[in-house]
Amino acid sequence: MLVKDLGGHSGCRILLYEENGIYFVRKYSGSKDYNLRLVSQCTKQQHFQSDTIKVPKVLNSGYDENGLFYFDMEYIQGVTLSKFITKIDVSDIQGIVSTIIGNLQFETVRNHTTSEVFTKKISELEVKTKNLGNGAVKQAISILKKIDWAVFPNTMCHGDLTFENIIISNKEIYFIDFLDSFYDSWLLDVGKLFQDLECMWSYRDMTSWDANTKIRLIIFKQIILNCLKQKNSRYVHFTYAALLLHLVRIYPYSKDSATLSFLDQQVERVSKILGDDK
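Residues numbered from 1 in each chain as written. Predicted model: local features only at pLDDT ≥ 70, side-chain atom pairs only at ≥ 80, totals over all residues. Heavy atoms only, no water.

Participant: I keep staring at the overall build of the protein chain and nothing clicks. Help me out?
Facilitator: Across its full length, the protein chain carries nine helices and nine strands. Its C-alpha atoms give the protein chain a radius of gyration of 19 Å, within 12% of the compact-globule value 19 Å for 278 residues. Along the longest, intermediate and shortest principal axes, the C-alpha atoms of the protein chain span 60 × 45 × 40 Å. A total of 278 residues make up the protein chain; the buried ones form 50% of that total. Considering only residue pairs separated by 6 or more positions, the protein chain has 68% of its internal contacts joining residues 24 or more positions apart. Between the mean site of the 33 positive side-chain charges and the mean site of the 32 negative ones, the protein chain shows a separation of 5 Å. (Helix = DSSP H or I, 4+ residues; strand = E, 2+ residues; numbered from the N terminus. Rg over C-alpha atoms; globule rule 2.2 N^0.38 Å. Buried < 20%, exposed > 50% of the residue type's maximum accessible area, 1.4 Å probe, protein only. Contact = heavy atoms within 4.5 Å. Lys, Arg positive; Asp, Glu negative; His and termini not counted. Charge placed at Lys NZ, Arg CZ, Asp CG, Glu CD.)

Participant: Hey, could you run me through the environment of Val-190 in this one?
Facilitator: Of note, Val-190 is situated in helix H6 (residues 186-197). Taking the C-alpha atoms as reference, Val-190 lies 16 Å from Asp-177; in sequence the two are 13 residues apart. For Val-190, the residues in contact, after removing those within four places along its chain, are Leu-104, Ile-224, Leu-228 and Thr-239.

Participant: What's the story with the sheet that holds strand E2 (residues 12-19) in this structure? I'm lost.
Facilitator: Hydrogen bonds along the backbone pair up the strands of a sheet, which may run parallel or antiparallel. Spatial strand order, E1-E2-E3-E6-E5: five strands in an open sheet with antiparallel pairing. Looking at the sheet topology across the chains shown, the edges are occupied by strand E1 (2-5) and strand E5 (58-63). Across the sheet, the axes of successive neighbouring strands diverge by a mean angle of 25°, strand direction being ignored. Sheet topology note: the strand E3 (residues 22-29)/strand E6 (residues 69-74) ladder contains five bridges and is antiparallel. Residue pairing across strands places Arg-26 opposite Asp-72, the latter belonging to E6. Most of the contacts of helix H1 (residues 35-47) go to E6, to which it runs at about 25°, and overall it touches E2, E3, E5 and E6. (Pairing = 2+ DSSP bridges. Axes fitted to C-alpha atoms, helices over the stretch in contact; angles between N-to-C directions.)

Participant: Sorry, what's going on with the pattern of salt bridges here?
Facilitator: Once the charged atoms of two side chains with opposite charge are near each other, the side chains can pair. Considering all chains together, one arrives at 11 salt bridges under this definition. Here Arg-13 ties to Asp-5 by a salt bridge, and the two come within 3.2 Å at their closest N and O atoms. Taking relative accessible area as the criterion, Asp-5 reaches 41% and is therefore assigned partly exposed. With a shortest N-O distance of 2.5 Å, Lys-27 and Asp-177 are connected by a salt bridge. Separated by 150 residues along the polypeptide, Lys-27 in strand E3 and Asp-177 in the loop between strand E9 (172-175) and H6 bring together distant segments of the chain. When its relative accessible area of 5% is taken as the criterion, Lys-27 is described as buried. Under the relative-accessibility criterion, Asp-177 is labelled buried at 15%. Here the salt bridges do not stand alone but share partners, grouping Glu-198, Lys-221 and Arg-269 into one network. (Salt bridge = Lys/Arg side-chain N within 4 Å of Asp/Glu carboxyl O.)

Participant: Explain the environment of Asn-232 here, please?
Facilitator: Residue position: Asn-232 is located in the loop between helix H7 (211-231) and helix H8 (234-250). Here the alpha-carbon distance between Asn-232 and His-112, two residues 120 residues apart in the chain, equals 21 Å. Polar contacts involving the side chain of Asn-232 include one to the main-chain amide nitrogen of Arg-234, which spans 2.9 Å. (Polar contact = N/O pair within 3.5 Å; in protein donor to acceptor, adjacent residues only side chain to side chain.)

Participant: Can you walk me through helix H5 (residues 135-145) in this structure?
Facilitator: Side chains that are three or four residues apart share a direction in an α-helix, a result of its 3.6 residues per turn. Among the residues of H5, Ala-136, Val-137, Ala-140, Ile-141, Ile-143 and Leu-144 are the ones counted as buried. Looking straight down H5, one finds that the buried residues subtend no more than 160° of arc, so they occupy a single side. Exposed residues pointing more than 90 degrees away from the buried face of H5 are listed as Gly-135 and Lys-138. Along its buried surface, H5 packs onto helix H4 (114-129), H8 and helix H9 (257-276). Sitting at the head of H5, Asn-134 places a side-chain oxygen 2.8 Å from the backbone nitrogen of Ala-136. (Arc of directions from axis to C-beta.)

Participant: Explanation requested: the pairing of E3 in the structure shown.
Facilitator: Consecutive residues of a regular strand have side chains that alternate between opposite faces of the sheet. Among the eight residues that make up E3, six are buried, leaving the element largely enclosed by the rest of the structure. Of the strand pairs in this sheet, E2 and E3 are connected by eight bridges, and their pairing is antiparallel. If you follow Tyr-17 over to E3, its bridge partner there is Phe-24. Adjacent in sequence and paired antiparallel, E2 and E3 are bridged by two residues, among which Asn-20 carries a positive phi angle near 55°.

Participant: I would appreciate a short explanation of the sheet that holds strand E4 (residues 53-54) in the present structure.
Facilitator: Taken in spatial order, the four strands line up as E4-E9-E8-E7 in an open sheet, and their pairing is mixed. Only two strands of the sheet have a single partner each, and these edge strands are E4 and strand E7 (79-80). Pairing geometry for strand E8 (residues 166-169) and E9, over four bridges, is antiparallel. Paired with Ile-167 across the bridge in E9 is Tyr-174. Relative to the sheet, helix H3 (residues 93-101) contacts E4, E8 and E9, its axis offset from that of E9 by approximately 40°.

Structure (structure tokens):
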């Protein structure tokens with residue numbers, strides 16, 4: 001029995017069902033053209049392995065009568081990291097960061113095709129955003145073209161690791177809503193985290209700010225930055241490059257003026273950070 005339509009994005013619908021007292025979530029492809037992408041997302045979720053982070057178990061998958069792919073997974077009752085971090089003790093942040101960072105595959109092996117993949121993606125974004133006539137985007141595209149993307153290793157990657165896709169349930173951390181990506185790299189995952197840590201993406205609709213939440217986000221960000229610097233000082237630069245790329249990728253899907261204005265401000269700020277870090 002369908003309990004609730006949880007909405008959805010990225011070409012999918014997410015529905016909450018109940019059968020014999022058991023709740024589960026069904027993720028549905030929005031079109032046949034999206035089927036292969038959702039299969040990839042399902043596979044990525046099934047293959048994720050960690051001793052410290054959990055994912056909802058995939059229970060079933062298939063195609064409906066219209067040829068649309070779907071898969072069923074555990075329903076995890078909990079709160080998003082964006083909400084959880086507003087209430088936790090500052091002393092608990094280190095543990096959460098360590099758990100998340102500990103699941104990133106810090107590899108440095110270069111892939112000879114990586115530059116071509118990123119160059120193609122940036123060219124596509126340039127075409128998609130050209131009609132916006134937006135100076136901030138134009139400047140960002142120019143900066144992105146100069147990044148040495150070849151240093152981005154091809155590793156396991158969640159694909160959309162924002163605070164909204166990290167759930168805390170019974171003191172356990174869950175990654176949800178895996179996304180297939182044009183390229184998988186742990187650096188892109190860290191860039192996604194910085195959408196919240198640097199740009200506060202998950203909090204963009206809030207009309208007022210809690211100073212304590214800001215402090216927690218700053219501490220969270222600084223712990224990650226310190227970790228990156230210890231491994232390779234240039235990782236910080238490439239994290240902000242990944243962040244800028246993620247922000248520009250949002251423009252083609254944004255229609256309301258408030259989101260576009262927010263993006264403009266953040267893109268200009270991150271572009272300046274990268275410009276200063278030469």
